[in-house]
Structures are given as structure tokens and as C-alpha cells.
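Here's the letter readout for the chains.
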Amino acid sequence: QERIELLRNIQILTLPFGLLFFLIAIIYLQIAILKPIKNLVNTVMNGIKGDTKKRADITSKDEIGFLAGSYNTMMDNLNQTTVSMDFLGSVVHAIYESLIVTDRDRNIVLVNPVTKDMLGIKNNREIIGRKIDDFSTYKIRFLFLKSEVP
């Protein structure tokens with residue numbers, strides 16, 4: 001009987017400590033893991049919406065910190081590429097000769113206004129994404145010949 005009473009007293013005394021430990025573990029989980037993940041998710045969602053200037057403010061040395069750093073690097077690279085594309089676009093539109101820019105697969109990615117006028121194209125959707133080969137060689141040759149005439 002005394003042993004049972006002793007075990008019951010131990011249980012009564014250890015229960016509050018167990019609950020306190022559990023509460024501390026939950027608070028730690030909230031602060032150390034869930035809050036940075038929510039921060040990173042919000043930052044990524046802003047990036048998806050077009051805000052490429054916002055960075056994840058997580059500097060921990062764990063996997064979440066690594067992921068946040070990788071996201072920040074990706075956004076930096078995206079901003080640099082976007083600025084480069086904007087610059088290229090402004091240069092292409094300033095050229096007074098016909099110019100068609102294609103990717104490696106010969107898809108048209110950019111044309112300047114002179115080219116659109118020469119081909120009789122009103123909207124970029126009529127030409128962007130199409131293969132350069134879709135245009136007859138006669139039309140392309142005519143374009144080049146026309147641009148060489150003084």
C-alpha cells in the first residue's frame with residue numbers, strides 16, 4: 001500500500017513537470033521552426049505575385065536558413081536577368097534597322113517596331129513564340145533587302 005501511495009505521489013509531482021516540458025517544446029517548435037517557415041512561405045508568395053525585391057529574412061544555419069538563402073539568391077539572379085532583358089528590349093526597340101531575336105530553338109522572342117512594320121504585324125502575339133522558319137524565306141529575304149536599301 002505504501003508503494004502505491006509513493007508511486008501516486010511521484011506521478012502527481014512529475015505530471016506538472018511533464019506538462020511544462022511539453023509546453024516548452026511546443027513554444028520552441030513555434031518559434032524555431034514554424035515561424036521561419038511561415039516567413040519563407042509569405043516571402044515566396046510575394047515573389048510569385050511579382051515582388052522580386054522582397055527577401056527572406058532568415059539567417060539560421062539550418063535547412064530552413066539554407067532554403068531562404070537559396071531563394072534570396074534566385075531572386076537576385078532573376079532581378080539581374082530581368083534588368084538585362086529590359087535593357088536588351090530597349091536597345092532592340094531603338095535600332096532603326098529590322099531585327100528579329102530568336103532563342104536556340106529558332107523561336108522568335110523579340111522583334112523591333114521596324115520589323116513589325118515591314119512584316120505588317122500589328123501585335124506582338126502574331127509573331128512572338130513562332131518559329132522563324134514559319135516565315136517564308138522570300139519574306140525574310142525581302143525584309144533584309146529592304147533594310148539594306150539606302
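Numbers given to residues run from 1 along each chain, matching the order in which its sequence is written. Totals for whole chains, interfaces and linings use all residues, but because this is a predicted model, local features are given only for residues with pLDDT of at least 70 and pairs of side-chain atoms are given and counted only at 80 or more. Here the side-chain values reflect all heavy atoms present in the structure, with hydrogen atoms and water set aside.

Regarding the side chain of N112
No. 1: By definition, any uninterrupted DSSP run of H or I lasting at least four residues is a helix, any uninterrupted run of E lasting at least two residues is a strand, and each is numbered from the N terminus. Here N112 lies in the loop between β2 (108–111) and α3 (113–119).
No. 2: The classification of residues rests on relative accessible area computed with a 1.4 Å probe and restricted to protein chains. Under 20% of the type maximum is buried, over 50% is exposed, and intermediate values are partly exposed. Judged by its relative accessible area of 0%, N112 falls in the buried class.
No. 3: Contact definition: two residues touch when any of their heavy atoms are within 4.5 Å. If sequence neighbours within four positions are ignored, N112 has contacts with V92, H93, I95, E97, S98 and L99.

Some words on helix α1 (residues 2–48)
No. 1: Working rule for helices: expected span equals 1.5 Å times residues minus one. End to end, α1 covers 66 Å across 47 residues, agreeing with the expected 69 Å (1.5 Å per residue, within 8%).
No. 2: The set of residues buried in α1 consists of P36, L40, T43 and G47.
No. 3: Two residues or fewer past α1, G50 is found with a positive phi of approximately 115°.

Regarding the side chain of T115
No. 1: For T115, the location among the structural elements is in helix α3.
No. 2: Residue classification places T115 among the buried residues on the basis of a relative accessible area of 1%.
No. 3: Throughout this description, a polar contact denotes any pair of N or O atoms lying within 3.5 Å of each other; where both atoms belong to protein, one of them has to be capable of donating a hydrogen while the other can accept it, and for residues adjacent in sequence the pair is counted only when both atoms sit in side chains. Reaching out from T115, the side chain makes a polar contact with the backbone nitrogen of L99 at a distance of 2.7 Å.

Digging into the confidence of the model for the protein
No. 1: Confidence in the prediction of the protein, expressed as mean pLDDT, is 82, and 89% of residues score 70 or more.
No. 2: Per residue, pLDDT measures the predictor's confidence, with a range of 0 to 100. Mean pLDDT in the protein bottoms out at helix α4 (residues 137–148), which sits at 51, and peaks at α1, which reaches 89.
No. 3: Confidence drops under pLDDT 50 across residues 145–150; counting only partners more than four residues distant or on other chains, this segment forms four contacts.

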